[in-house]
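Single-letter residue listing:
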Amino acid sequence: MDKIYIDNMVDCLRAAGETTRARVLALLSRGELSVGELAQVLGQSQPRLSRHMKFLTSAGLVERMPEGAWVFYKLPRKGVGRDLVDSILKLIDLEGDGLQRDFVRLEEIRAARQKEAGEFFERSAKEWDAIRALHYPEADIEAAVLDEIGQGPFEHIIDMGTGTGRMLSLIAPFAKSADGIDLSHQMLTIARSNLSDEKFSHVDVRHGDATQTAFNNNSADLVIIHQVLHFLDEPERAIQEASRLLMPNGLLLVVDFAPHDLEYLRRDQAHRHLGFSDDYFADWCEGAGLIVGPTRRFDAPTTTLKQEQAGIAVNIWTANKSTSPIVPIMPTEHLDSKELNA
Ligand SMILES: C[S@@+](CC[C@H](N)C(=O)[O-])C[C@H]1O[C@@H](n2cnc3c(N)ncnc32)[C@H](O)[C@@H]1O
């Protein structure tokens, strides 16, 4: 266990030793939040709350993550700061009146945001295949996904946030069975229609949340999360869920944006996060017991797009669930996507 000097400990205790800041710590134990959301829950002005957050951050009790025009805060994953917060929270009655009101308010705010995102997906279900094609050369990404997963055959593939089922139609031919889940019923209707062909009789799509699925532990040898994480409040929960679902040696493949500053995507397309760095992905994997594998990066397209649509690079990250002893995964053999589709 890490230790710190007594003076630093006193600073940490001072930082936590104030009602608003203690309430912040309790709220962040439920997942990362933006300063605006914290201000809404606690009924305080943002400048006032920012001062509290500065205190907590410099004491190492919370981590600050600027992302475009927003700033998110979360509890550190480990270290003295985290140990201290955990010890404090263990001694507080989280069911007590004051904190319960904060948690209820937090759930209301989250529910309102999810409703907004859900409405966006319902509206855009039909156009989604067109929207996603705007951001990057889709054919290249899909060829790389196929190259990365290899030929299988896989026992069971799970596609989290399957949308219109595009990934399933690409990779299900290499699996004995495949499931896609999505929160949007309208997306699922389109996915069902896209996967109605006889050759997809081993594929099912159903309603479900990527952060909490109904599948059994160790039930998939490939989990794919394609362009979903940036919509989630807590992307790491989907990575943890993927790890739970993966069999030993199973492969996780995540496709998502690299960090970018296209702020309008929050407003127009319900993006919660403006991309993720490799470090974020590595951190989530470490926390979920996965070993990071090869990453591929696709730089932003510079032609054919309107000015405000250009500028997003896409990463394909991989990780695998290792058995002990830990063996890093090797890059997969090159496979031509045309061969696979033949
Ligand atoms: C951008 S689309 C990507 C769809 C698909 N993976 C693809 O690349 O074509 C994002 C999808 O994630 C779904 N989604 C968002 N949050 C989700 C969650 N918590 N659990 C499951 N699906 C979710 C949305 O309904 C939407 O269909």
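Residues numbered from 1 in each chain as written. Predicted model: local features only at pLDDT ≥ 70, side-chain atom pairs only at ≥ 80, totals over all residues. Heavy atoms only, no water.

Per an unreviewed UniProt entry, the chain is named Transcriptional regulator, ArsR family, and its organism is Hirschia baltica.

K.L.:
Account for the overall build of the chain, naming residues and giving values.
P.N.:
The helix and strand tally for the chain stands at 14 helices and 11 strands. Out of the 342 residues in the chain, the part that is buried amounts to 53%. Within the chain, residue pairs in contact and separated by at least 24 positions form 71% of the contacts whose partners lie at least 6 positions apart. On the chain, roughly 16,700 Å² of surface is accessible, and the fraction owed to carbon and sulfur atoms is 51%. (Helix = DSSP H or I, 4+ residues; strand = E, 2+ residues; numbered from the N terminus. Buried < 20%, exposed > 50% of the residue type's maximum accessible area, 1.4 Å probe, protein only. Contact = heavy atoms within 4.5 Å. Areas by Shrake-Rupley, 256 points an atom, 1.4 Å probe, with all protein chains shown as cover.)

K.L.:
Account for the pattern of salt bridges, with residues named and values stated.
P.N.:
Evaluated as defined, the whole model comprises 19 salt bridges. Its salt-bridge partner being Asp147, residue Arg296 comes within 2.6 Å of it at the nearest N-O pair. Placement of Arg296 in strand β10 (residues 296-298) and of Asp147 in helix α8 (residues 138-149) is noted, with a sequence separation of 149 residues between them. Arg296 sits in the partly exposed class, given a relative accessible area of 25%. As a salt-bridge pair, Lys176 and Glu155 come within 2.7 Å of each other at their nearest N and O atoms. (Salt bridge = Lys/Arg side-chain N within 4 Å of Asp/Glu carboxyl O.)

K.L.:
Pulling in residues and values, what's your account of the nonpolar core?
P.N.:
Residues Val145, Ile149, Ile171 and Ile316 are the most contacted members of the largest nonpolar core, which totals 34 residues. No other element matches the 5 residues that α8 contributes to this core. Sequence-distant contacts of Ile149, defined by excluding residues within four places in its chain, comprise Phe154, Ile171, Phe174, Leu222, Leu251 and Leu253. In this structure, Ala15, Ala26, Leu61 and Val85 belong to the second largest nonpolar core, which totals 30 residues. (Core = buried A, V, L, I, M, F, W, Y, C linked by side-chain atoms within 4.5 Å.)

K.L.:
Any details on the pairing of strand β4 (residues 154-160)? Residues and values, ideally.
P.N.:
Among the 7 residues in β4, 6 count as buried, and that is most of the element. As defined by bridge partners, β4 adjoins strand β5 (residues 175-182) across 6 bridges and the pair is classed as parallel. Along β5, the bridge assignment pairs Ile158 with Asp179. This β-α-β element, β4 to helix α9 (residues 166-171) to β5, shows right-handed connectivity. Relative to strand β7 (residues 220-226), β4 is paired through 4 bridges, and the arrangement is parallel. Paired with Ile158 across the strands is Val223, a residue of β7. (Pairing = 2+ DSSP bridges. Right-handed = clockwise from strand over helix to strand, strands pointing away.)

K.L.:
Outline the packing of aromatic side chains, supporting the account with residue identities and numerical values.
P.N.:
Counted by the stated rule, this structure contains 4 aromatic pairs. Their ring planes at 40° and their centres at 6.4 Å tell us that Phe276 and Tyr280 sit as a pair that is tilted. A relative accessible area of 1% places Phe276 in the buried class. Overall, the relative accessible area of 25% leaves Tyr280 in the partly exposed class. Aromatic pair Phe276 and Trp284: ring centres 5.0 Å apart, planes at 70°, arrangement edge-to-face. Taken together, the ring pairs in this structure connect Phe276, Tyr280 and Trp284 into an aromatic cluster. (Phe/Tyr/Trp six-rings, centres within 6.5 Å; stacked < 30°, edge-to-face > 60°.)

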